[in-house]
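# Architecture at a glance
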Amino acid sequence: MPEQFDILRRLTQYEITPPAEALLRIMESLGVQDANNSDDDSLWRSMLQLQEFEIKAPQFLFPFIEKQIASSLQLSQLRNLEVSPPFAAYSEIMEKIERGGTGDNGNNLVSRILSLNAYKSIAASIIILVIGWLIYKLTVSPADINKDVAKQIVTPVLPTTKKDSVVANVVGINKKQKSIRTKKSQPQIASDDFFYQKDMTIDDYKFPIIDNDLLVTFAGFSYSQVPDFISKPTENTFTIKVDQYSSISVSESMSKMIRNMNQFRSNKKPTRRARKERARLEKWKKADTEQFDKSLKNNPLDPIDLAEFVF
Amino acid sequence: MSISRLKFFIVTFVTGFFSLHSISQDSLLQSKAHHKAKEINRLTISYSLLLKSNKSNTGIGEAYNGGVKTIFIDNHKARVRLVSLMRMQSVFIMQPGNPKQAAVITKESGKDKYKYNLTAEQWKRYYRKYDSVSCELTDDSTVILNYPCRKAIIRLKDGRSMEVFYTDSVSNKMLSKVEPAFSCIPGLVLQYEYKQKKGSVVFTATSITDAYIDPGVFKAPAKGFVARKFYISSSQKPGNKIEEEPDQDADQENDQ
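Residues numbered from 1 in each chain as written. Chains lettered and ligands numbered in written order. Predicted model: local features only at pLDDT ≥ 70, side-chain atom pairs only at ≥ 80, totals over all residues. Heavy atoms only, no water.

## Comments concerning the nonpolar core
F218 and I240 of chain A together with Y64 of chain B are the most contacted members of the largest nonpolar core, which totals 91 residues. With residues near it in sequence (within four places) discarded, I240 of chain A still touches M200, T201, I202, F218, S246, S247, I248 and V250 of chain A together with L85 of chain B. Counting six residues, the second-largest nonpolar core is a separate cluster that includes F195 and Y245 of chain A together with F72 and I213 of chain B. (Core = buried A, V, L, I, M, F, W, Y, C linked by side-chain atoms within 4.5 Å. Buried < 20%, exposed > 50% of the residue type's maximum accessible area, 1.4 Å probe, protein only. Contact = heavy atoms within 4.5 Å.)

This is the structure:
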């Protein structure tokens, strides 16, 4: 009951503004054509005043109407009025639901609607995935400096012969060689130096030397190419026979570094330690180049220059 | 014989024995020293490179540790070659008579192989550190590769010094050209060591032979090496900016 009187009170404030052209139409219908005409001008002014004219309803009117409504039987009946849906409506609705939302023509009547929240969730997920991928690429992936060493890599070929090797082992090694040879490799620079080496020998195994650079060769093995003396060492050191005059005794700590450089995970990628060691090697190479290759101020064959560089 | 007399004879005998022994040894060394050194025209000497340090490893030095330095000499030709994990490098001493090409320095390892052709003047500048070195011969001795060696101390004019052990049993006129640092040493150096506070670098001879040497060993490479102009920077420290000083004497033709 209080709500209906509230509606009535709001109705007392209700007003309708006539259309803007209503005044012009009225003037036309009254025959007023020219506002500059003195007779027509006075009529215009009168009509404008009339436009602003308003009469307020008498004060008793509202309570009277209110009383009439409150006691009106028809309105109270209307309040209780209910309209029932058609009897067959429910069964028809259920039938259509069971049919899968398709109409009589077979067209889909029910469309899939995704709420706006779902779109937001999907967009947020995609953005997070993209950001995560960017972070991984920029920070977690191997350092670019390793690429300088990697660029020089010519994929080494596994040794072909070993003394006293059994046939099965040789076949196994040859199979691996085939898979390695299919990979692309950069051509080595030809040199007519007498000592230009293509191979070095370690524990009766021959390995090609990449760019005549032993350290780059050791850093260039991939997962399937790491030789046994690195992956399964029997001793802490090894000796490299470069040529008939030069056999290098690799120290224990250097052997360890070479082993660490060639550690791989199960997904055939180098471990974090391997990447760190390769990065350290790259730094060494750069320092060596800076010291001995930029000019002839320092001589690596001179013990004084070498000692002052190393220590 | 009384005990006191016996003691006297024993003491006298022992004293006399060791005195005679030391005299005889000295005579042996002196006789060897005075014996005319054998001039050998063809020599191949290999040295092992060892870096010693108080630490368990020498860091970047491990890439040089265990390396081999070989000196090849055949009459007037010579080559010094260093082979290590870090790099391979050679110095070719050319035959005399051509002052425009006294030596060739080559870097044989890595992607960027290069070579320098040095004139006689540039060769002197390259080893200017050893100008006016002085040698102090000492009485210390040792035996290396069955060669009796004496110790000498080489002092540079800037105060740095190097300990060497040399044998005068072997001589060759090319030795002073091959190793200008040892120009004042009267013989073949079989071990030399430069000590620093944190460690030392030692080259020790592991073999000496006069076997045949392929002439190709002494031929400076022509292919696969980029020819560079000789220059020595005025200041160059590891990690610092390099200030280049173009060599005013450089008038080299580019081979390639």
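Moving on, there is more to tell.
## So, the state of the cysteines
All names here are of chain B. Within the structure shown, the criterion is met by one disulfide over all chains. Through a disulfide, C135 is tied to C184; the S-S separation comes to 1.5 Å. The chirality of the disulfide connecting C135 with C184 is right-handed, given an S-S dihedral of about 50°. One end of the pair, C135, is in strand β8 (residues 134-144); the other, C184, is in the loop between α3 (175-178) and β12 (188-195), with 49 residues separating them in the sequence. By relative accessible area, which is 25% here, C135 ends up partly exposed. (Disulfide = S-S within 2.5 Å. Helix = DSSP H or I, 4+ residues; strand = E, 2+ residues; numbered from the N terminus.)

## Details of the pattern of salt bridges
In total, this model carries 20 salt bridges over all chains according to the counting rule given. Between R81 of chain B and D243 of chain A there is a salt bridge, and its shortest N-O distance comes to 2.7 Å. Taken together, the residues span two chains, with R81 of chain B in strand β4 (residues 77-83) and D243 of chain A in the loop between β3 (238-241) and β4 (247-250). D243 of chain A gets classed as buried once you look at its relative accessible area, which sits at 7%. Linking D302 of chain A and K129 of chain B is a salt bridge whose minimum nitrogen-to-oxygen distance equals 3.1 Å. Placement of the pair is D302 of chain A in the loop between α13 (272-292) and α14 (303-310) and K129 of chain B in the loop between α2 (120-126) and β8, with the two residues belonging to separate chains. A single burial state applies to D302 of chain A and to K129 of chain B, both of which are buried. (Salt bridge = Lys/Arg side-chain N within 4 Å of Asp/Glu carboxyl O.)

## Observations concerning the pairing of β3 of chain A
Residues and elements named next belong to chain A. Alternating positions in β3 separate cleanly, F238 and I240 being buried on one face and T239 and K241 remaining unburied on the opposite face. Here four bridges tie β3 to β4, and the two strands are oriented antiparallel to one another. Paired with T239 across the two strands is S249, which belongs to β4. The turn linking β3 back onto β4 is made up of five residues. (Pairing = 2+ DSSP bridges.)

## Details of the environment of D210 of chain B
With respect to the helices, strands and loops of the structure, D210 of chain B is situated in the loop between β13 (199-209) and β14 (226-228). Remark: the alpha-carbon pair of D210 of chain B and L43 of chain B, spanning 167 residues in sequence, is separated by 4.6 Å.

## A few points about the confidence of the model for chain A
Chain-level pLDDT for chain A is 75 on average; 72% of the residues reach the 70-or-more range. With pLDDT under 50 throughout, residues 142-187 of chain A is counted as low confidence; its partners more than four residues away or in other chains account for 60 contacts. (pLDDT = per-residue confidence, 0-100.)

## Structural notes on the sheet that holds strand β5 (residues 88-93) of chain B
In spatial order, the strands read β8-β9-β10-β12-β13-β2-β3-β4-β5-β6-β7-β14 (chain B); together these 12 strands make up an open sheet with mixed pairing. Taken across any chain shown, the strands that pair with only one partner, and hence form the sheet edges, are β8 and β14 of chain B. Geometrically, the sheet is characterised by an average inter-axis angle of 20° between neighbouring strands, direction not taken into account. Here α14 of chain A sits on the sheet and contacts β2 (42-53), β10 (161-167), β12 and β13 of chain B; the angle it forms with β12 of chain B, its principal contact strand, is near 25°. (Axes fitted to C-alpha atoms, helices over the stretch in contact; angles between N-to-C directions.)

## Things to note about helix α12 (residues 252-261) of chain A
Those residues of α12 of chain A that fall on the buried side of the exposure criterion are M254, S255, M257, I258, N260 and M261 of chain A. Packing partners of the buried residues in α12 of chain A comprise α10 (214-219), α11 (228-231), β3, β4 and α13 of chain A.

## Thoughts on the side chain of D293 of chain A
Tracing the backbone through its elements, the reader meets D293 of chain A in the loop between α13 and α14. Given a relative accessible area of 5%, D293 of chain A falls into the buried group. Among the polar contacts made by the side chain of D293 of chain A, one reaches the side chain of R87 of chain B at a distance of 2.8 Å. Of note is the side chain of D293 of chain A, whose polar atom sits 3.2 Å from the side chain of K107 of chain B. Setting aside chain neighbours within four positions, we find D293 of chain A in contact with D288 of chain A together with R87, K107, Y114, Y116 and R228 of chain B. (Polar contact = N/O pair within 3.5 Å; in protein donor to acceptor, adjacent residues only side chain to side chain.)

## Section: the packing of α12 of chain A against α13 of chain A
Residues and elements named next belong to chain A. It is the contact of α12 with α13, at a shortest axis distance of 7 Å, that shows an interaxial angle of 125°. In terms of axis orientation, α12 runs oblique to α13. Listed contacts from α13 to M254, M257, N260 and M261 of α12 are R273, A274, E277, R278, R280, L281 and W284. Class assignment for the residues of the contact of α12 with α13 results in six nonpolar, one polar and four charged. (Parallel < 35°, antiparallel > 145°, perpendicular 65-115°, else oblique. Nonpolar A, V, L, I, M, F, W, Y, C, P; charged D, E, K, R; others polar.)

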